[in-house]
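A closer look at the structure
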Amino acid sequence: GKVDEKATQLHAIASLKVLLDATKPQNGAATSSASNHLSSTSSSKQETTLAPCNLTDIPNGVAGSLTDSLDARRMSSVRARKSLTSQAVVCLQVGEPEEEPPKAMDMGWPTGARKRLTYIVLAPIVFPLWLTLPDTRSPEGKKWFPITFLGSILWIAAYSYLMVWWANMVGHTVEIPPEVMGLTFLAAGTSIPDLITSVIVARKGFGDMAVSSSVGSNIFDVTVGLPVPWLLFGIFYGKPVEVNSVGMVCSITILFMMLLFVILSIACFRWKMNRGLGFTMFMLYFVFVAVSLMFEYEYLRCPV
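Cut-offs and rules
- Residues numbered from 1 in each chain as written.
- Predicted model: local features only at pLDDT ≥ 70, side-chain atom pairs only at ≥ 80, totals over all residues.
- Heavy atoms only, no water.
- Helix = DSSP H or I, 4+ residues; strand = E, 2+ residues; numbered from the N terminus.
- Buried < 20%, exposed > 50% of the residue type's maximum accessible area, 1.4 Å probe, protein only.
- Contact = heavy atoms within 4.5 Å.
- pLDDT = per-residue confidence, 0-100.
- UniProt positions renumbered as here; feature names shortened; annotations may be inferred.
- Phe/Tyr/Trp six-rings, centres within 6.5 Å; stacked < 30°, edge-to-face > 60°.
- Core = buried A, V, L, I, M, F, W, Y, C linked by side-chain atoms within 4.5 Å.

1. Structural notes on the overall build of the chain
In terms of regular secondary structure, the chain is built from 11 helices and zero strands. N-terminal to C-terminal, the α/β element order of the chain is α-α-α-α-α-α-α-α-α-α-α. Looking at the 304 residues of the chain, the share that counts as buried comes to 15%. For the chain, restricting intrachain contacts to residue pairs at least 6 apart in sequence, the fraction spanning at least 24 positions comes to 51%.

Have a look at this one:
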């Protein structure tokens, strides 16, 4: 309150100074009253610049006019602030273009060689989805979103089963152990959706969401993705699932050590996602894959 009162007083003094400066004669054309007023105030020029700190020391008429002008200035300042605020909001709204609503899927034959090649490659995956699931991006399909949601989960399960089956058959054909196929090809295939979602949210500026999504998906895979199939297998068949892998204990130990290295590397780069951190992550991944493959092919022997 004291600071505000002092600012009000200084503003009133500055207004008085501006008023006195405005009445100065220009090229000798001042009136007699103005010259008399200036002559009366010329002797106290220093006192004008060092005006009294209280409004009570200013004459009543001048103080009243200054108070009125001060109130007017306050109102204009408030209006200016509101105007600037509204203008800032408008600028922000104009500067950030709204995202276009998603369009319904068009299954027509595209134009261009690249688009046609993509169309042919994705046709075995896209056509079953287009035939069985309502497109919620269209006005007619919005009310069928529960069917689309549940159907998408079923199609993901079907595609996952086919992917694991085909990867296992390819591994048997080229004599690659299933553990190696799971560590390399299946791991990369199941992480592509996480990669896509992380890139999308990172481009929108949500870096924390991208990192937490990647970490959370791995935790979900270990704590839910693996136990639920094992639980269902034990319920239906009445026996446990046997996991045979050479050096499993050492692989889990290496995985735990990799987690520590990841945390240390992020801390070394001051918790910022940059090119150096990305290169370091790639190197750690290749080291983990190489050591795990050495354990699988028994180039290294696990003591446990």
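2. Some remarks on the confidence of the model for the chain
Averaged over all residues, the pLDDT of the chain equals 75, while 70% of them reach at least 70. The least confident element of the chain, judged by mean pLDDT, is helix α3 (residues 45-49) at 40; the most confident is helix α5 (residues 113-132) at 91. Residue range residues 27-63 is modelled with pLDDT below 50. Its contacts to residues more than four positions away, or to other chains, number 22 contacts. Ignoring residues within four places in sequence, the model shows residues 84-97, a span with pLDDT below 50, making zero contacts including any to other chains.

3. Digging into the UniProt feature "transmembrane region" (unreviewed entry) in the chain
UniProt's entry tags residues 145-168, 180-203, 215-237, 243-269 and 276-295 with the feature "transmembrane region" (unreviewed entry), counted in the numbering of this structure. In residues 145-168, helix accounts for 100% and strand for 0%; the two terminal C-alpha atoms are 34 Å from one another. Secondary structure across residues 180-203 divides into 100% helix and 0% strand, with the first and last C-alpha atoms of the span separated by 33 Å.

4. With respect to the environment of Pro303
By secondary structure assignment, the location of Pro303 is in the segment after α11 (275-296). On the basis of relative accessible area, Pro303 is assigned to the exposed category, the value being 78%. Distance from Pro303 to Val249, taken between C-alpha atoms, is 9.1 Å for residues 54 residues apart in sequence.

5. Comments concerning the packing of aromatic side chains
Any pair of aromatic rings gets described here by the distance separating the centres and the angle formed by the planes. Counted under the stated rule, the structure contains seven aromatic pairs. An angle of 25° between the planes, with centres 6.4 Å apart, marks the rings of Phe282 and Phe286 as stacked. Placement of both Phe282 and Phe286 in helix α11 is noted, with a separation of four residues, approximately one turn of the helix. Given a relative accessible area of 48%, Phe286 falls into the partly exposed group. Taken together, Trp109, Tyr119, Phe127 and Trp130 form an aromatic cluster joined through their ring pairs.

6. Some details on the nonpolar core
The biggest cluster of nonpolar side chains holds eight residues, and these are Cys250, Ile254, Met258, Leu284, Phe288, Val289, Phe295 and Cys302. Elements that contribute at least two residues to this core include exactly α10 (248-268) and α11. For this core, the element with the highest residue contribution is α11, accounting for four residues. Not counting residues up to four positions away in its chain, the partners in contact with Phe288 are Leu183, Ser251, Ile254, Leu255 and Met258.

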